[in-house]
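Understanding the architecture of this molecule
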Amino acid sequence: MYDYLIVGAGLFGSTFARLATDAGKKCLIIDKRDHIAGNCYTIKKHGIHEHVYGPHIFHCNDDLIWNFVNRFAKFNTFVNRPIAINNGKVFSLPFSMYTFNAMWGVITPEEAMKKIESQRLKLNREPLNLEEQALTLVGEDIYNCLIRDYTKKQWLKDPKELPASIIKRLPIRMSWDNNYFYDKYQGIPIGGYTAMFENILEGIEVKTKIDYFANQEYWNSIAKKIVFTGKIDEYYKFEHGELEYRSLRFETETMPYNNHQGNAVVNYNSLDIPWTRMIEHKYFDQSNANDNVTIVTKEIPDIWSRNKTPYYPIGDEKNTLIFKKYMSMAKSEINTIFGGRLAEYRYYDMHQVIQSAFNKFKENI
Ligand code: FAD
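Predicted, not measured: the structure shown is a model, and the values here were computed from it.

Calculation rules
Residues numbered from 1 in each chain as written. Predicted model: local features only at pLDDT ≥ 70, side-chain atom pairs only at ≥ 80, totals over all residues. Heavy atoms only, no water. Helix = DSSP H or I, 4+ residues; strand = E, 2+ residues; numbered from the N terminus. Rg over C-alpha atoms; globule rule 2.2 N^0.38 Å. Buried < 20%, exposed > 50% of the residue type's maximum accessible area, 1.4 Å probe, protein only. Contact = heavy atoms within 4.5 Å. Areas by Shrake-Rupley, 256 points an atom, 1.4 Å probe, with all protein chains shown as cover. Lys, Arg positive; Asp, Glu negative; His and termini not counted. Charge placed at Lys NZ, Arg CZ, Asp CG, Glu CD. Near = heavy atom within 4 Å. Polar contact = N/O pair within 3.5 Å; in protein donor to acceptor, adjacent residues only side chain to side chain. Nonpolar A, V, L, I, M, F, W, Y, C, P; charged D, E, K, R; others polar. 1 Å grid on protein atoms, 1.4 Å probe; cavity = no way out; pocket = protein on both sides within 12 Å on 5 of 7 lines; lining within 4 Å. Points joined across faces, edges and corners; volume = space filled by probe spheres on them. Pairing = 2+ DSSP bridges. Axes fitted to C-alpha atoms, helices over the stretch in contact; angles between N-to-C directions. Parallel < 35°, antiparallel > 145°, perpendicular 65-115°, else oblique. Patch = residues over 30% accessible without salt bridge, like charges linked within 9 Å, V, L, I, M, F, W, Y side chains within 5 Å. Salt bridge = Lys/Arg side-chain N within 4 Å of Asp/Glu carboxyl O. Expected span 1.5 Å × (residues − 1). Bend = angle between axes of the 7 residues up to and from the residue.

1. What about the overall build of the chain?
Within the chain, the regular secondary structure consists of 10 helices and 16 strands. A compact globule built from 365 residues would reach a C-alpha radius of gyration of about 21 Å, and the chain, at 22 Å, matches this within 12%. Overall size of the chain, expressed as C-alpha extent along the three principal axes, is 65 × 50 × 35 Å. Buried positions account for 55% of the 365 residues belonging to the chain. By sequence separation, contacts in the chain at least 24 residues apart represent 71% of the contacts at least 6 residues apart. Roughly 16900 Å² of accessible area belongs to the chain as shown, and the carbon and sulfur atoms make up 50% of that amount. Here the chain holds 46 positive side-chain charges and 44 negative ones, and the gap between their average locations is 2 Å.

This is the structure we're talking about:
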């Protein structure tokens, strides 16, 4: 008999399993994929660690979380400095003096502020949607050039139909600092995320290529408690309807030369190019990269259907209402713990998933 049967070898499941094992509990993790690490999974090709489910940059402010991941990997000093291309013009992200300089030729923060102020939408109420939110923050030029069409591509929806909350995530800087994140800690595990997960899971029993739902009764019978990190609507047989996600397609190519785009992340902000961003994987971790090849991946948003991989939860009213119904069912479960981005139906960065696993572990141990 196991103390915990953990469904999903992603970051939530693996963190929970580590904490429980360290506390003397017996755990088994199952995952329907043929590998561990969930969406953080990396594979090594030509000395390059390819981020198979999209680029993953670890960042956080919390010492406990940073110390936790550093138990299992050494992190490099990678700093995320993405750029955006629109009609052959290059802009720096996040919006900083570099961006304002490329957009208007301004040199000082005061000039940039004046320009933005003259274009900002002034409302005496809260913005109702993403378009209003963006226009109140940065004004027309930046919205039209760097936000509007990118958002349409990313969400396959008009920005007027999307919640304002999405755009609050975009940092705006009145300085020449083009580090995308504000966090105290940032980096990529040297040797790839998969190696980090192998270390997190050391000494813990893991079975891959197993779908919990194919034999749910059996799995429930071999453990005192279940930790479920899959889709919460699937757990409840879609009783209250189906939650929607933004899915993605990744097109990866190996190029027979050293350098393709000169940066880890390049966003494509116009509608004439179908991908939202292109990743050049060797820029994340250059420790063993081969000089003769490089690997690039185009990330293309895809309409959701049940047989596709769920990536980003859609936080609109309809889906939030459905999720609340599942959440109230989950609250009454005694032996099942729900955690992670699919079971909590939240966009979580990696450090937030670890925090959630810490919290759920404390509540349930
Ligand atoms: P997952 O990684 O999805 O793990 C859940 C696991 O459960 C999966 O392996 C799945 O196969 C398994 N599973 C589901 N159902 C079943 C079942 N029925 N039976 C068995 N197994 C099952 N975060 C950052 O901090 N920085 C970034 O730069 C960043 N970039 C991202 C880029 C993209 C494109 C995406 C989509 C996410 C990004 N994230 C980033 C977020 C990060 O991926 C998540 O925070 C993290 O992977 C979530 O971990 P999880 O364990 O909740 O989910």
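2. A look at the environment of Tyr-326
The topology assignment puts Tyr-326 in helix H9 (residues 317-331). According to the relative accessible area criterion, Tyr-326 is buried, its value standing at 0%. Spatially, the C-alpha atom of Tyr-326 lies 13 Å from that of Phe-228, the residues being 98 residues apart in sequence. Setting aside anything within four residues of it in sequence, one finds Tyr-326 in contact with Ile-232, Asp-233, Tyr-236, Phe-238, Glu-239, His-240, Gly-241 and Leu-243.

3. Quick look at the site of the ligand
As a matter of local geometry, the ligand sits amid 32 residues, with Asp-31, His-56, Arg-341, Tyr-348 and Met-350 nearest to it. His-56 places a side-chain nitrogen or oxygen 2.6 Å from an oxygen atom of the ligand. Here an oxygen atom of the ligand sits 2.8 Å away from a polar atom, N or O, in the main chain of Ile-57. Out of a free accessible area of 1000 Å², the ligand has 97% covered by protein chains. Of the residues contributing to the shell around the ligand, the split by class is 17 nonpolar, eight polar and seven charged.

4. Details of the layout of surface pockets
Within this model, the second largest pocket holds a volume of roughly 250 Å³. As for the second largest pocket, its lining consists of 14 residues, of which Met-327, Ala-330, Lys-331, Phe-338 and Lys-360 are closest to the centre. Taken together, the elements giving at least two residues each to the lining of the second largest pocket come down to H9, strand E16 (336-338) and helix H10 (350-364). Ranked by the residues each element gives to the lining of the second largest pocket, the list is headed by H9, at four residues. Classifying every residue of the lining of the second largest pocket gives seven nonpolar, two polar and five charged.

5. Notes on the pairing of strand E4 (residues 48-51)
Residues in a regular strand point their side chains to alternate faces of the sheet. Of the two faces of E4, both are covered, the one formed by Ile-48 and Glu-50 as well as the one formed by His-49 and His-51. Note: strand E3 (residues 42-45) against E4, four bridges, orientation antiparallel. Residue Thr-42 lies in a different strand from E4, and its bridge partner there is His-51.

6. Notes on the packing of helix H1 (residues 11-22) against helix H6 (residues 193-200)
One way to put it is that H1 packs onto H6 with a least axis distance of 9 Å and a crossing angle of 30 degrees. Looking at the two axes, H1 sits roughly parallel to H6. Across the interface between the two elements, Leu-11, Ser-14, Thr-15 and Arg-18 of H1 pack against Phe-197, Asn-199 and Ile-200 of H6. A per-class count over the contact of H1 with H6 returns three nonpolar, three polar and one charged.

7. Here we look at a nonpolar patch on the surface
Where nonpolar side chains cluster on the molecular surface, the patch consists of Tyr-98, Ile-107 and Trp-176 and spans about 320 Å² of accessible area. With a relative accessible area of 54%, Ile-107 lands in the exposed category.

8. As for unusual backbone geometry
Here the amide bond leading from Leu-93 into Pro-94 is cis, since omega sits at 0 degrees, within 30 degrees of zero. In this structure, Leu-156 is a non-glycine residue whose phi angle is positive, near 50 degrees. Residue placement: Leu-156 occurs in the loop between helix H5 (130-155) and strand E8 (185-187). Take Leu-156: its relative accessible area is 40%, and that puts it in the partly exposed class. Located in the positive-phi region is Phe-238, a residue other than glycine, with phi close to 60 degrees. As for its placement among the helices and strands, Phe-238 is situated in the loop between helix H8 (232-235) and strand E11 (245-255).

9. Considering the sheet that holds strand E10 (residues 223-228)
One open sheet holds the five strands; their spatial order is E9-E2-E1-E10-E16, and the pairing between them is parallel. Looking at strand neighbours, the two that pair on one side only are strand E9 (205-208) and E16, the edges of this open sheet. Ignoring which end each strand starts from, the neighbouring axes of this sheet average 20 degrees apart. Sheet topology places strand E1 (residues 2-7) next to strand E2 (residues 27-31); four bridges connect them, and they run parallel. Residue pairing across strands places Leu-5 opposite Leu-28, the latter belonging to E2. Most of the contacts of H1 go to E2, to which it runs at about 170 degrees, and overall it touches E1, E2, E10 and E16.

10. Remarks on H5
Taking 1.5 Å as the rise per residue, H5 with 26 residues should run 38 Å; its terminal C-alpha atoms sit only 11 Å apart, a clear shortfall. When the local axis directions of H5 are compared, the greatest deviation, roughly 120 degrees, occurs at Gly-139. For H5, the N-terminal cap is Asn-129; the gap from its side-chain oxygen to the backbone nitrogen of Glu-131 is 3.1 Å. Of the residues flanking the end of H5, it is Leu-156, one or two places downstream, whose phi is positive at about 50 degrees.

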